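Okay, here's what each chain looks like letter by letter:
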Amino acid sequence: MKAVPGAAKRWALADGGHNQIVLLDDHGNKELSRFGSGEAGLLDGAADKARFDHPQGLIASTDAIFVADTGNHAIRRIDLATRAVTTLAGTGQRGRVLGSPQPGRTTALASPWDLEKKGDELFFANAGSHQLGVLNLKTGAVARLAGSGAEGLEAGPAADAELAQPSGLALSADGNILYVADSESSAVRAVTVGNDSAVATLVGAGLFDFGWVNGDFRTARLQHPLGVATDGDHLLVADTYNSAIRDLDLSKHEISDFDGGKYTCVDPVCVPTREPAGIAVDNRDRILLVDTGNHRIDEYRPSARTYHTWAR
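Source: prediction; values computed, not measured.

**Structural notes on the pairing of strand 13 (residues 141-146)**
Counting buried positions over the 6 residues of strand 13 gives 5, a clear majority of the element. Where strand 9 (residues 102-103) meets strand 13, 2 bridges bridge the pair, whose relative direction is antiparallel. For Pro-103, the partnering residue across the bridge sits in strand 13 and is Ala-141. Sheet topology note: the strand 12 (residues 131-136)/strand 13 ladder contains 4 bridges and is antiparallel. The partner of Leu-132 across the bridge, within strand 13, is Ala-146. In sequence, strand 12 turns back onto strand 13 through a hairpin of 4 residues, with Gly-140 there showing a positive phi of about 80°.

**Let's talk about the state of the cysteines**
Summed over the entire model, instances satisfying the criterion amount to 1 disulfide. A disulfide bridge connects Cys-265 with Cys-270, and the sulfur atoms are separated by 2.2 Å. Negative torsions about the S-S bond denote left-handed disulfides, and the value of about -90° found for Cys-265 with Cys-270 makes this one left-handed. You can call Cys-265 buried: its relative accessible area is 17%.

**What to know about the nonpolar core**
Counting residues in each nonpolar core, the largest one holds 17 residues, and the members touching the most others are Phe-123, Leu-132, Leu-178 and Val-191. Listed by contribution, the elements that provide at least two residues to this core are strand 11 (121-126), strand 12, strand 13, strand 15 (166-171) and strand 16 (177-182). By residue number, the principal contributor to this core is strand 13, which donates 3 residues. Membership of the second largest hydrophobic core comes to 16 residues, among which are Ala-14, Leu-23, Phe-35 and Ala-60.

**Section: the environment of Leu-145**
Looking at the element boundaries, Leu-145 is found in strand 13. We classify Leu-145 as buried; its relative accessible area is 15%. As for Leu-145 and Thr-292, which are separated by 147 residues in sequence, their C-alpha atoms are 29 Å apart. Setting aside residues up to four positions removed in sequence, Leu-145 forms contacts with Phe-123, Leu-132, Gly-133, Val-134, Ala-158, Leu-178 and Ser-197.

**A few points about the pattern of salt bridges**
In the structure shown here, the tally under the stated rule is 21 salt bridges. Where Arg-286 meets Asp-26, a salt bridge forms, and the shortest distance between an N and an O atom there is 2.4 Å. A residue pair is termed long-range when its members are at least 10 positions apart, and Arg-286 in strand 26 (residues 286-291) and Asp-26 in the loop between strand 3 (20-25) and strand 4 (31-35) qualify at 260 residues. Assessed through its relative accessible area of 4%, Arg-286 is described here as buried. Among the salt bridges present, the one from Asp-44 reaches Arg-76, with a minimum N-O distance of 2.9 Å. Taken together, the positions of Asp-44 in the loop between strand 4 and strand 5 (57-60) and Arg-76 in strand 7 (residues 74-79) put the pair 32 residues apart, joining distant regions of the chain. By relative accessible area, Arg-76 is classed as buried at 0%. One salt-bridge network, held together by shared partners, links Lys-9, Asp-26, Asp-282, Asp-285, Arg-286, Glu-299 and Arg-301.

What counts, and at which threshold
Residues numbered from 1 in each chain as written. Predicted model: local features only at pLDDT ≥ 70, side-chain atom pairs only at ≥ 80, totals over all residues. Heavy atoms only, no water. Buried < 20%, exposed > 50% of the residue type's maximum accessible area, 1.4 Å probe, protein only. Helix = DSSP H or I, 4+ residues; strand = E, 2+ residues; numbered from the N terminus. Pairing = 2+ DSSP bridges. Disulfide = S-S within 2.5 Å. Core = buried A, V, L, I, M, F, W, Y, C linked by side-chain atoms within 4.5 Å. Contact = heavy atoms within 4.5 Å. Salt bridge = Lys/Arg side-chain N within 4 Å of Asp/Glu carboxyl O.

Written as structure tokens, this is what we have:
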């Protein structure tokens, strides 16, 4: 889920199980709009007629919501004024490895999972080809941003680096680094954006190295993370298969558990977090967690050390 810029704060959520995109108010208790008929498919048009297929990630601007329509291997656009849905990239068929710029509407993608935006560039996790791609919103062309297409955990120049089912994306405040939840390698990667782009590994040791280990980045372990968000000098990770939130301190190069057992659930009935798939930082005192296994969004309040169900 991501915030929608504007005078009144709103939140956009990919409701994958219903094949829809949901717009919520800032309190989480009022559904403002739904986009998509609910029936799986690839169909443009009016909000109530258009079809998505298990969308996973999105990013919003003041006038549109951009959707990683995973099951359709496509990137879609929702116009917030007209509520119309259009396809920007993808053919509906699973594609192969991305390379040099090609027209987006005729280029097949492979399970796009999440999006980030910098100016007219829309970055996407092309999970099925183990790559990151970029869609130029002015020209409509898509191209490789990073990843050779081989599945692995190799750092280095963007074109030669290896990724493994990249999923969640988060752009640094200055827009120069794209952080990636590289799920199949249970890793977090950092990609420099711009000329001489390169991929670094912050945490992760290999395709079959995973666990729940805190401490120094070199020895720390995650397990199939799907979401990542920036929080100043920290990265917060939805550590999906550990059903936990992990805190990566970028200055100290250390990982800890975000809540550390210190947050108290204040719901009438409390259940443990189960396989979270996304996370968003609103400000220093509000973290929103997409608690996928429990079909809800949790709101964490660091100042009070409490959390509760924000939307369900």
